[in-house]
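So you can see what is in the structure, the chains are spelled out below.
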Amino acid sequence: MPTESQPVAGNFIRSIIDDDIKSGRCRGVVTRFPPEPNGYLHIGHAKSICLNFGLARDFGGVCHLRFDDTNPAKEDMEYIDSIKESVRWLGFDWGENLYNASDNFEKLYEWAEYLIGQGKAYVEDLSAEEIRRYRGTLTEPGVESPYRSRPVEENLSLFRAMRRGEFPDGAKVLRARIDMSSPNMNLRDPVIYRIINAAHPHTAERWKIYPMYDFAHGQCDAIEGVTHSICTLEFEDHKPLYDWFLENLPVESKPKQYEFARLNLTYTVMSKRKLHELVSAGFVNGWDDPRMPTIAGIRRRGYTPESVRAFCERIGVGRSDSWIDISVLEECVREELNEKAPRAMAVLRPLKVVILNYPDGKTEEFDAANHPQRAEMGERRISFSRELYIDADDFMENPAKGFFRMTPGSEVRLRYAYIVRCVGVVRDESGKIIEIHCEYDPDSRGGAAADGRKVKGTIHWLSVAHSADAEIRLYDRLFTEPYPDRGDADYKTFVNLLSEERVAAKIEPQLSTVSAFSRYQFERLGYFCADEKDHLADHPVFNRIVTLRDSWAKR
RNA sequence: UGGGGCGUCGCCAAGCGGUAAGGCACCGGAUUUUGAUUCCGGCAUCCCCAGGUUCGAAUCCUGGCGCCCCAGCCA
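Definitions and cut-offs
- Residues numbered from 1 in each chain as written.
- Chains lettered and ligands numbered in written order.
- Predicted model: local features only at pLDDT ≥ 70, side-chain atom pairs only at ≥ 80, totals over all residues.
- Heavy atoms only, no water.
- Helix = DSSP H or I, 4+ residues; strand = E, 2+ residues; numbered from the N terminus.
- Rg over C-alpha atoms; globule rule 2.2 N^0.38 Å.
- Buried < 20%, exposed > 50% of the residue type's maximum accessible area, 1.4 Å probe, protein only.
- Contact = heavy atoms within 4.5 Å.
- Areas by Shrake-Rupley, 256 points an atom, 1.4 Å probe, with all protein chains shown as cover.
- Domains from an automatic or database assignment.
- Buried area = accessible area lost by both parts, 1.4 Å probe.
- Salt bridge = Lys/Arg side-chain N within 4 Å of Asp/Glu carboxyl O.
- Polar contact = N/O pair within 3.5 Å; in protein donor to acceptor, adjacent residues only side chain to side chain.
- Pairing = 2+ DSSP bridges.
- 1 Å grid on protein atoms, 1.4 Å probe; cavity = no way out; pocket = protein on both sides within 12 Å on 5 of 7 lines; lining within 4 Å.
- Points joined across faces, edges and corners; volume = space filled by probe spheres on them.
- Nonpolar A, V, L, I, M, F, W, Y, C, P; charged D, E, K, R; others polar.
- Expected span 1.5 Å × (residues − 1).

Draft legend 1. Summary view of the overall build of chain A. Summing up its helical and strand segments, chain A has 12 helices and 25 strands in all. Its C-alpha radius of gyration of 31 Å places chain A more than 25% over the 24 Å reference for a compact globule of 555 residues. Taken over the C-alpha atoms alone, chain A extends approximately 100 × 55 × 40 Å along its principal axes. Here chain A holds 555 residues, and 54% of them are scored as buried. Once local pairs closer than 6 in sequence are excluded, the contacts in chain A between residues at least 24 apart make up 71%. Carbon together with sulfur atoms contributes 49% to the accessible area of chain A, which is approximately 24700 Å² in total.

Structural data, given as C-alpha cells:
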C-alpha cells in the first residue's frame, strides 16, 4: 500500500512510473528482483531489493522474487535458501510471488521452436571458438555462419535432438537470426540455447538444453506481467535484444527495461567472483563472515535491516557510476543504534586499578542509565569495589597533549562512580605497567564532586569481582585500500589482515546471558552485537559493529 | 577509428528555460558524568570545457574533453 507518510526521495525511475500511471500506460506496478542463485546476496543487491520492493510498496503494486536459474552449472540450492533468507531479513515479502525462470522452460522451449518456424533462429554447428571469430570485433562487422541458412525443418529436428540429449555439451547451440553486422554485439545472432549436462536445482535432470539469460529474462518478465524491469547499467546494451524477443514472440505483455547504476562501496569488493574467492581462499570465515559485504555478513556483524534500508534510501538511485564511502553505511547503523541500543560497559584491554583508600572487601552499587537521553529505558545497578579494570587505552603515563583520561597525578571520573586520581603504577620485570594505584574522592559518589569542581575526563570501568569474561571481536574494513579492485594490482594484496582481532575482554555480567543479535552500545567504544553463532552463556561473544565517532582518535 | 551510457560541492544526489534542494563528510561554536549524542552557524555567483540560441541556460543547440560498459555456449 502507498506510504504517503514518509516522503520518499525522488529518483528517475519513480518519475517514469509516475508518468506511466498518469498516462495510463500501466495501471498497477509490478517489479521483480531476479537474482541468479550462484552466490550469496550482497549490499549491492540490497540496493536493488530496496528499489524494486520499495517501488512496489509505494505505488501499491507487487514485487516478485524470481530466481534466474538458467545456468545449472553454477547454481545451487544453498544459494536459493540464503537469498530468500536475506530478502526476508531485509524486511521484504514477496508473498505468493515466488517464481523461477525454470518454471517457464517449457514455454521458452516452445517459443524457441516458434522462432525457428519463423526463420528467426537456427541451430549452429560452429564451435564456441569459431563463433567468437565469426562475431567480428567492436569495429568490424561479423561474418555469417554457414549454418545460418539451414532450412526450418532441419533446424527443428536438430533442436529437438538437442533437447533429447543427443549431443554432448558444446556440440551445438541455437542462435537467434538477427544481424551479424549490428554495431551492437548483442544483436550479432546471439546464442539463445546451449547444451548443459548438469543437475538443475529445480528441474533436476529434465533438461539437456538451457536458455541464455537474454532468451529468458524478458520473456519471464512478460509472462509474470512485470511492468518495470529494473536492472543495472551493464544491461543497457541488451535492451534492444530484450525488446526484439518481445516483438518477435507471441507474448501477452510488453514490460520495459530501465537501468540504474550498481552500488560500489569503498574498502570492499562486490563482484560475486571475488566474494567466492575470499571465501574459498580462506581470507574470511565463510559467506557470513562479519567482514563480508554480503547481507549474511552484514547481518551477522550486527547491522539492523532498518539501517541497511536507510542506507539504500540515503545513497539514492542514479545512472552515473558512483562509489559510496563505507562510512555512509557505518553512519546509518550509528544513527539507529544511538537511538535504540541500551548502554553498557565493557573493557576491551583490561588494565587493573587498585583504589588504595577504598576499603578491601567493600562493595557499592551505582545506578547507571541504560540510555542517557531515554529515561524510559530504565537503569541498572553496577557494582564497585577496590579492584577494577579500566581500558589500557584510557591510561597514559606520559600523556600526549590534549589527553584527558587517566594519567599520573590528575583526576578522572569513573563513570557513574567516583572521581579518582592515579598515584602510582606497578610494573613487571620488563618495565611494563601491569597495575595502577589510585585514590578516590569519597565525596564524589555517583561521579559528581561535592565542591562542584570540574573533571574533564570520564572513563568506563568494571569491578574485577563483578565482571564476566567475554570474547570481543573487533572488526575493521576488509581492505586497506578504498578501491581494492581498481588499477591493475591484484585486489587480494589489499586484504586487511588485521580486519579481525579477537580480544579477551570484560563485560557487565548480565551481558553473558543475553540472546544472539542483542545489540548494545559499550560506552565510549562503539556498538556491539552478540554473535549469531558463537555467543554462549559460558562463552559470550560480541562483534563490534562499528566504533563510536571519535574526534580524539581522528587527531 | 563501432555502439551504448555518464559528467552538478570531498562522496552521493535534486534540478526538466526563470536565476544551484537535501544527505554524508568537513570547519567553527554551545551544552554534555560516553572526546558519543544533541544543538546552533558555515560550506558550489556556480553546474567537465568552449562557442551559440534566449530578456534569461546546469537545464536548448554545436563542437570538444574525460570516465564507464559491450567482442561468455555468464547473469
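Draft legend 2. Structural context of the domain arrangement of chain A. Assigned domains of chain A: these are domain 1 (12–264), domain 2 (266–301 + 472–555) and domain 3 (343–466). Domain 2 and domain 3 are separated by 29 Å when their C-alpha centres are compared. Each partner contributes to the roughly 1900 Å² buried at the junction of domain 2 and domain 3, and carbon and sulfur atoms together form 54% of this total. On the surface where domain 2 and domain 3 come into contact, there are 4 salt bridges. The residue Arg415 makes a salt bridge to Glu523 at a minimum N-O spacing of 2.1 Å. Along the contact surface separating domain 2 from domain 3 lie 10 residue pairs in polar contact (both at pLDDT 80 or more).

Draft legend 3. Quick peek at the sheet that holds strand β15 (residues 387–391). As summarised here, the arrangement of the 7 strands in space is β19-β16-β17-β18-β12-β15-β20, forming an open sheet in which the pairing is mixed. The open sheet has two edge strands, β19 (458–459) and β20 (461–463), and neither has a second partner. With 7 bridges connecting them, strand β17 (residues 419–427) and strand β18 (residues 433–440) associate as antiparallel partners. The residue of β18 that forms the bridge with Arg427 is Ile433.

Draft legend 4. Structural context of the layout of surface pockets. Reported here for the largest pocket is a volume of approximately 1200 Å³. For the largest pocket, the lining is made up of 36 residues, of which Arg524, Thr547, Leu548, Asp550 and Ala553 are closest to its centre. Contributing elements (two or more residues each) for the lining of the largest pocket: α12 (326–340), β21 (468–475) and β25 (541–547). Of the residues that constitute the lining of the largest pocket, the class distribution is 12 nonpolar, 6 polar and 18 charged. Each pocket or cavity is described by its volume, and for the second largest pocket that value is around 840 Å³. The greatest single-element share of the lining of the second largest pocket, amounting to 4 residues, is contributed by helix α2 (residues 43–58).

Draft legend 5. Structural view of α2. With 16 residues, α2 extends 22 Å between its outermost C-alpha atoms, agreeing within 8% with the 22 Å of an ideal straight helix rising 1.5 Å per residue. Here α2 lies mainly inside the structure; 15 of its 16 residues are buried.

Draft legend 6. Fine view of the pairing of strand β16 (residues 411–414). The sheet contact formed by β16 and β17 spans 3 bridges and is antiparallel. Bridging from a neighbouring strand, Arg413 pairs with Ile419 of β17. Linking β16 back to β17 in an antiparallel pair, the connection comprises 4 residues, with Tyr416 at a positive phi of about 70°. In this sheet, β19 lies alongside β16 in parallel orientation, the contact comprising 2 bridges. Looking at β19, one finds that Arg413 is bridged to Thr458.

Draft legend 7. Quick peek at the side chain of Asp189. Mapped onto the elements of the fold, Asp189 is located in the loop between β5 (173–176) and β6 (191–195). Here Tyr122 takes part through its side chain, which lies 2.7 Å from a polar atom of the side chain of Asp189. Dropping the residues within four chain positions of it, Asp189 is found in contact with Tyr122, Arg148, Arg175, Ala176, Arg177, Ile178, Asp179 and Met180.

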